Amino acid sequence: QFPFGRRLPCDIYWHGVSFHDNNIFSGQVNKFPGMMETVRKITLSRAMRTMQDLFPLEYNFYPRSWILPEELPLFVAEVRMMKDRNPSWKPTFIVKPDGGCQGDGIYLIKDPSDIRLTGSIQSRPAVVQEYICKPLLVDKLKFDIRLYVLLKSLEPLEIYIAKDGLSRFCTEPYQEPTLKNLHQVFMHLTNYSLNIHSGNFIHSDSVNTGSKRTFSSILCRLSSRGADVKKLWSDIISLVIKTIIALTPELKVYYQSDIPAGKPGPTCFQILGFDILLMKNLKPILLEVNANPSMRIEHEQELSPGVFENVPSPVDEEVKVAVIRDTLRLVDPQKKKRKDAHLSFHTYLLIFPVQVQSLHAQIAGMKDKQHKHHSLKLSLKLKFYLKPGSSPSAEQAPGAGEELPEAALPSLCLKQVFPKYAKHFSYLRLVDRVAALFIRFLGVKGTTKLGPTGFRTFIRNCKLSNSNFSMAAVDILYIDITRRWNSMGIDHKESRMCLQAFVEAFFCLAQRKYKSLPLHDQVASLIELCECRLAALHGKRLVWGCG
């Protein structure tokens, strides 16, 4: 553990919170630059809205969303219009602070006028979404699913999904929202960090019962009732892949800024937590994506007022130990070398390993006789999978200096879904190609914003200006869109164009040029035109260079 970082090279760096070390020039890091910013509620909602504009049917798994405060008038107007069209519509909305976590600041409303218009809405922006009023219930309780997803690589895109996850239950029987029960958080909010404080929360030694269970136990129960579990899994896999596709354009901009191409730098991977709700008809709905899902495998138990003890959580261990173990197996830097020669154990470096400290504390606290076997098992897992250092002793491994054979480990719990199913989803990656154009014209390495010169160069090189769309009109388009997007951010003085603003400008150009086509065909046509003209320009420059 190196709280202040380390300059010596290592195979794997395990950061506790986010990618933040600019002194890493090789190896692999367990965080992507910009991931925390990309999965924030507002950024995620904007990315999903862009994809919903292009592919409305494919992205109908994300609730309709509005961003506060800038879209409050739009929210009020759209709700009023929908109520006028359908007077029987009785909606409920959920308000989520942008930077909130663990259920902090979330509340339900019946009408836009119920939004808490205090000073905090300006300083703490939020997302308001349609609330899912008819969720699937188990034992009359609402629950959500936490699935663990490994983004192993961004370029090429490589995604794995854990075969099991956690089902986290509310602690009061569910009723559809009314003015009387809107404020009953234990009925409507599935957040573990909230429900653990309920007197009805049940800690269970079984993975099939209690207020936190394995997702596989829910699937078994649904299967016994005749539900099509294979289709449900297929829908969840589709949801995960489509969500990652929506996030990758922003991630690539951050990645090239922190780890510029052509310079020495690490590769990245990251474990994400996907929070998913099932509707009555078993349709999965994406609630949010967590960049730092908890990897704790114990919970606190109050022995006496103010005195707590860490107690093992079998359901957490069942799921999370397998995710960590198999992530390390998949990113193992020595795997290729071992195909040619047998090598001894290598070193992992953990920086700020909050989860490991938590496990050490758990082991140290297990004094009870009934926990001795559990303590030993956890200790061995730590030593074998996570302990920095040299080769294990004879007691820890099959033989001194030998590796544990792959066959002796459990089968992988992480299933590859991309590029395995790439052919079914590649047509959705239009914004990825727009982001590639954006990055191409950034000019200065290490930046995430496009200046006016870069935008003009993009227009000129792709030959998008003409007598009906002059370079003066190009400048006006750039200024108008950039000014509006920057007014939504923290830095109002910023004068350059972010990726989301460039995407909006690109859509405007596509709609101007291909008026008779649907939006996704307009965008696809303009992308192909730009790529073709840039390729031709590159070919000419090569010929000139040879001449």
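This one's a predicted model, so the numbers in the text were calculated from it and none came from an experiment. (Residues numbered from 1 in each chain as written. Predicted model: local features only at pLDDT ≥ 70, side-chain atom pairs only at ≥ 80, totals over all residues. Heavy atoms only, no water.)

(A) Empty space enclosed by the protein, seen in detail. Summed over all chains, the structure comprises 2 cavities of 30 Å³ or more. Looking at the second largest cavity, the residues that line it are Val138, Ile218, Arg221, Leu222 and Arg225. Tallied by class, the residues present in the lining of the second largest cavity amount to 3 nonpolar, no polar and 2 charged. (1 Å grid on protein atoms, 1.4 Å probe; cavity = no way out; pocket = protein on both sides within 12 Å on 5 of 7 lines; lining within 4 Å. Points joined across faces, edges and corners; volume = space filled by probe spheres on them. Nonpolar A, V, L, I, M, F, W, Y, C, P; charged D, E, K, R; others polar.)

(B) A look at the sheet that holds strand S5 (residues 107-109). Taken together, the 4 strands give an open sheet; going across it, the order is S3-S6-S4-S5, and neighbouring strands pair in antiparallel fashion. The strands lining the two open edges of the sheet, one partner per strand, are strand S3 (65-68) and S5. Adjacent strand axes in the sheet meet at a mean angle of 25 degrees when their direction is disregarded. With 5 bridges connecting them, strand S4 (residues 93-97) and strand S6 (residues 126-130) associate as antiparallel partners. Considered in S6, the bridge of phenylalanine 93 is made with glutamate 130. Strands in contact with helix H2 (residues 41-54) are S3, S4 and S6; relative to S3, the strand with the most contacts, it is inclined by about 135 degrees. Relative to the sheet, helix H3 (residues 72-85) contacts S3, S4, S5 and S6, its axis offset from that of S3 by approximately 145 degrees. (Pairing = 2+ DSSP bridges. Helix = DSSP H or I, 4+ residues; strand = E, 2+ residues; numbered from the N terminus. Axes fitted to C-alpha atoms, helices over the stretch in contact; angles between N-to-C directions. Contact = heavy atoms within 4.5 Å.)

(C) Representation of the nonpolar core within the structure. If you look at the biggest cluster of nonpolar residues, it comprises 97 residues, and the most contacted ones within it are Phe274, Phe455, Phe458, Phe506 and Val523. Looking at this core element by element, the count peaks at 14 residues for helix H8 (residues 229-258). Both domains that meet at this core, namely domain 1 (12-23 + 134-333) and domain 2 (429-544), each give it at least three residues. Beyond its immediate sequence surroundings of up to four residues, phenylalanine 274 is in contact with Ile145, Arg146, Leu147, Val149, Leu239, Val240, Thr243, Ile244, Leu286, Glu288 and Val289. (Core = buried A, V, L, I, M, F, W, Y, C linked by side-chain atoms within 4.5 Å. Buried < 20%, exposed > 50% of the residue type's maximum accessible area, 1.4 Å probe, protein only. Domains from an automatic or database assignment.)

(D) How the structure looks around the pairing of strand S8 (residues 141-153). A large share of S8 lies buried, amounting to 12 of its 13 residues. Here strand S7 (residues 137-138) runs beside S8; their pairing, made up of 2 bridges, is antiparallel. Residue valine 138 lies in a different strand from S8, and its bridge partner there is leucine 141. The turn joining S7 and S8, which pair antiparallel and follow one another in sequence, is formed by 2 residues; a positive phi near 55 degrees is taken by aspartate 139. As defined by bridge partners, S8 adjoins strand S10 (residues 166-169) across 4 bridges and the pair is classed as antiparallel. Along S10, the bridge assignment pairs isoleucine 145 with serine 167.

(E) Structural context of the confidence of the model for the protein. Model confidence for the protein is summarised by a mean pLDDT of 84, while 81% of its residues fall at 70 or above. Per-element averaging of pLDDT across the protein places helix H12 (residues 372-386) at the bottom with 40 and strand S9 (residues 158-162) at the top with 98. The low-confidence segment residues 342-401 (pLDDT under 50) makes 106 contacts with residues lying over four places distant or belonging to another chain. (pLDDT = per-residue confidence, 0-100.)

(F) Up close: the pattern of salt bridges. All chains considered together, the criterion is met by 25 salt bridges. Note that lysine 83 and aspartate 111 form a salt bridge whose closest N and O atoms lie 3.2 Å from each other. A residue pair is termed long-range when its members are at least 10 positions apart, and lysine 83 in helix H3 and aspartate 111 in the loop between S5 and helix H4 (120-123) qualify at 28 residues. On the accessibility criterion, aspartate 111 (27% relative accessible area) is partly exposed. The partner of arginine 329 in a salt bridge is aspartate 326, and the shortest N-O contact between them spans 2.9 Å. Of this pair, arginine 329 and aspartate 326 are both found in helix H9 (residues 314-330), 3 residues apart, which corresponds to roughly one turn of the helix. A relative accessible area of 9% places arginine 329 in the buried class. Each of Asp144, Arg146, Arg168 and Asp275 takes part in one network of salt bridges that share partners. (Salt bridge = Lys/Arg side-chain N within 4 Å of Asp/Glu carboxyl O.)

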